[in-house]
Every structure is written in C-alpha cells, then in structure tokens.
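So the chains spell out like this:
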Amino acid sequence: MKRHIARFLLLIFLIIPVSVDAAKKTVRKPFMVDSFEDGDLSKDLEWWRFGDLDLSIVDNNKNEDPYLGRRSLRLTGDPSNWYIGGCGAFFGLDMTGFDAIKLIIRGNGEETGLLQIELYDDDNQNWQIEPYQKDPSQTMADDKFIYSKPITWYGWKVLIIPLSHFVDDNKGIGDDIFNPYQLGSSGGLLQLQLVLLAVNRDVQPDIQIDSIKFFKMQKETRRPTFLDDDW
C-alpha cells in the first residue's frame, strides 16, 4: 500500500511542474512596440520614413495628461496631395496571445487627418517583406492587413483596436489569413507601418503618438471610455 502511495505522490510531483510551465507560456505581458522615450528613431527600434511625411520626436506637455510619457512621435506634412506619407518599423513578433493594439494619440480637431495602420505577417517564411516592384506599397508574397481611423478629436485619446478589425489589403497575395505566428520558420508579425493622409487640402494634418503596444484583451473587458468606436 505504501509503495502505491509513494508512486502516486511521485506522479503528482512530475505533473505539477509541467502544468506550471505550460501556464507560463500562455500568460504574456503586453509588447511595447515603442514609447519613444529614448528620443531616437534609429536606436533599439529603427523607424524608416517614406513619402513626404515630416517625422520627429517631440516633448509632451504633461499638463495635458499626467499619464503621458516624456516624448511622443509626431507625424505631419503638406496636405496638398492628400497622401502625406508614412513610417514603419521591423521587429518580428510572435503574436500568439495578443488580440489588440493600443495607441495613445493626440489629435488637433475634426480635420486632424486620417491614420492608416498596416500590419504585415510572414507567409513565405523567410523573415522578409518583399515589395512589389511596380507598386512598392504592395507585397510579393506576404499578407498586408490595414485599419484606417479618422483622427477627429482634440487632445489625447487612448485608442484600442481589436486585431479582428483589420482587413486584408492585398487579397490573392500570401494566404489571406491574419496568422502572425512564429510557426516553422515564419517570422510572425514582421513589421508595422503608419500612413498619414489629409482630409482637407487646406488643413495640415498633425498628430502625435505617445506609445504603441500589443496586448491581450480580457474576456470580461467592458467598453472603456476610449475604446475604438467600431468595437
């Protein structure tokens, strides 16, 4: 009898560590893409710029919101051609466990501009995004999912967007499924881009972004004050 009890206890001790390890793998901290606190667009995470976008790091006014960081990313430019330009960063992230993106954005009123967020996942499993030669805004083999948001408010706002709200912008390329996971040799979510467009040719679009973060929304989460309007 004692021998059977000893075997049973040994079995429990063997099972518990495996269960704990499995639980650790399923619980993930939010992934901060960038908070711009270092004031450098080429350090740690390197941001590139395209089009005629004026991209810079600026100091925040803490009197506007006590929860702000010291610095933010500013996007602005000439509105005469509607399309201003954009910026992007490469990081290669396994998105398992994440289902939303959070941005803290400062607008300048109803005609601040339109912000398009672009996410690229690795479908040909080579950790690269190959742009289409005739149209560099499109890819050769990987998915591009986008979400467009008019910035119509003044001051700071927390914007939370479920990833399920992103839509396929290059159907027929890649597998047309948003699956940014590092399975096999896939790099998962390879890059993020932000594109700024004007909504009035006479009004210069001008926004600031305090931070960008991926995270997991809890199932019991109710509509917070600043959740995206489309939720």
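Residues numbered from 1 in each chain as written. Predicted model: local features only at pLDDT ≥ 70, side-chain atom pairs only at ≥ 80, totals over all residues. Heavy atoms only, no water.

1. Quick notes on the layout of surface pockets
- Space inside the largest pocket adds up to approximately 330 Å³.
- Together, 20 residues line the largest pocket, and Tyr 120, Pro 136, Ser 137, Gln 191 and Gln 193 are the ones closest to its centre.
- Elements with a minimum of two residues in the lining of the largest pocket: β2 (47–51), β5 (83–93), β7 (113–121), β9 (135–139) and β13 (189–197).
- It is β9 that contributes the most residues to the lining of the largest pocket, four residues altogether.
- Looking at the lining of the largest pocket, its residues break down into ten nonpolar, seven polar and three charged. (1 Å grid on protein atoms, 1.4 Å probe; cavity = no way out; pocket = protein on both sides within 12 Å on 5 of 7 lines; lining within 4 Å. Points joined across faces, edges and corners; volume = space filled by probe spheres on them. Helix = DSSP H or I, 4+ residues; strand = E, 2+ residues; numbered from the N terminus. Nonpolar A, V, L, I, M, F, W, Y, C, P; charged D, E, K, R; others polar.)

2. Considerations on unusual backbone geometry
- The backbone of Asp 44 sits at a positive phi, close to 60°, despite the residue not being glycine.
- Within the element layout of this structure, Asp 44 appears in the loop between β1 (31–34) and β2.
- Here Trp 127, not a glycine, exhibits a phi torsion of approximately 60°, which is positive.
- Structurally, the position occupied by Trp 127 is in the loop between β7 and β8 (131–132).

3. Re the pattern of salt bridges
- Following the criterion strictly, the structure yields seven salt bridges and no others.
- Between Asp 59 and Arg 71 there is a salt bridge, with its nearest N and O atoms 3.8 Å apart. Remark: Arg 71 occurs in strand β4 (residues 71–76) and Asp 59 occurs in strand β3 (residues 54–59); sequence separation between them is twelve residues.
- Looking at Asp 59, the relative accessible area reads 61%, which means it is exposed.
- On the basis of relative accessibility, which here comes to 23%, the residue Arg 71 falls in the partly exposed class.
- For Glu 118, the salt bridge identified is with Lys 144, shortest N-O distance 3.6 Å. Of this pair, Glu 118 sits in strand β7 while Lys 144 sits in strand β10 (residues 143–151), and the two are 26 residues apart along the sequence. (Salt bridge = Lys/Arg side-chain N within 4 Å of Asp/Glu carboxyl O. Buried < 20%, exposed > 50% of the residue type's maximum accessible area, 1.4 Å probe, protein only.)

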